[in-house]
Amino acid sequence: MRPEKGAPTASQGKYLQAICRLSRGGQRAVFQRDVVRWLNCSKPSVSRAAALLRQRGWLERDRRDLALTPEGLEWALRLCRTRRQLETLGVPETAAAPAAAVLLAAEGAERQEQDG
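Please read all numbers here as calculations on a predicted model, not as lab measurements.

### A closer look at the pairing of strand β3 (residues 65–68)
Burial along β3 is one-sided: the face carrying Leu66 and Leu68 is buried and the face carrying Asp65 and Ala67 is not. Summarising the sheet, strand β1 (residues 30–31) and β3 pair through two bridges and their orientation is antiparallel. The residue of β3 that forms the bridge with phenylalanine 31 is aspartate 65. Both strand β2 (residues 59–61) and β3 contribute to a ladder of three bridges, which runs antiparallel. Opposite glutamate 60, over in β3, you have alanine 67 as the bridge partner. Here β2 folds back onto β3 in antiparallel fashion, the turn holding three residues.

Take a look at the structure:
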């Protein structure tokens, strides 16, 4: 299933949530190396993800800093809320984050079908 136009994929959601947490809810910019450490992934992976998030309008990036745009912060907060709800229902943390992105994408697809 393709996500709704504007909805992040599970992978994009992982980065949005990490940047949101590290930035204390969008209050400050984050160094790319902080995201690398937080997600335990490679610097090239974060660079590629940051480029995609920037193309979608969810991230502002200068040489080293990453900052969520208002739309990126909105998605990140929605993903975090959905993830927490899933965890409350007993879904393990490792499964809840990607599941949150899938649920939001499905919700958007359903809305598009109803509108279309």
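Read on, since the account is not over.
### Points about the packing of helix α1 (residues 10–22) against helix α4 (residues 70–88)
Contact geometry of α1 with α4 gives a least axis separation of 9 Å together with a crossing angle of 95°. Looking at the two axes, α1 sits roughly perpendicular to α4. Listed contacts from α4 to Gly13, Leu16, Gln17, Cys20 and Arg21 of α1 are Gly72, Leu73, Trp75, Ala76, Leu77, Leu79, Cys80 and Arg83. In the contact of α1 with α4, the residues fall into eight nonpolar, three polar and two charged.

### Quick look at the sheet that holds β1
The strand order across the open sheet formed by three strands is β1-β3-β2, and the pairing between neighbours is antiparallel. Where the open sheet ends on each side, the last strands, each with one partner, are β1 and β2. Sitting on the sheet, α1 touches β1, β2 and β3, and the angle it makes with β3 is about 100°.

### What to know about the nonpolar core
Inside soluble globular proteins, nonpolar side chains tend to come together where they are buried. Of all hydrophobic cores here, the largest spans 26 residues; its most connected members are Leu16, Ile19, Val35, Leu53, Leu59, Leu66 and Leu68. Looking at this core, the elements that each hand over two or more residues are α1, α2 (32–39), α3 (43–55), β3, α4 and α5 (93–115). Setting aside chain neighbours within four positions, we find leucine 53 in contact with Gln12, Tyr15, Leu16, Ile19, Trp58 and Leu59.

Reading the values: rules and limits
- Residues numbered from 1 in each chain as written.
- Predicted model: local features only at pLDDT ≥ 70, side-chain atom pairs only at ≥ 80, totals over all residues.
- Heavy atoms only, no water.
- Buried < 20%, exposed > 50% of the residue type's maximum accessible area, 1.4 Å probe, protein only.
- Helix = DSSP H or I, 4+ residues; strand = E, 2+ residues; numbered from the N terminus.
- Pairing = 2+ DSSP bridges.
- Axes fitted to C-alpha atoms, helices over the stretch in contact; angles between N-to-C directions.
- Parallel < 35°, antiparallel > 145°, perpendicular 65-115°, else oblique.
- Contact = heavy atoms within 4.5 Å.
- Nonpolar A, V, L, I, M, F, W, Y, C, P; charged D, E, K, R; others polar.
- Core = buried A, V, L, I, M, F, W, Y, C linked by side-chain atoms within 4.5 Å.

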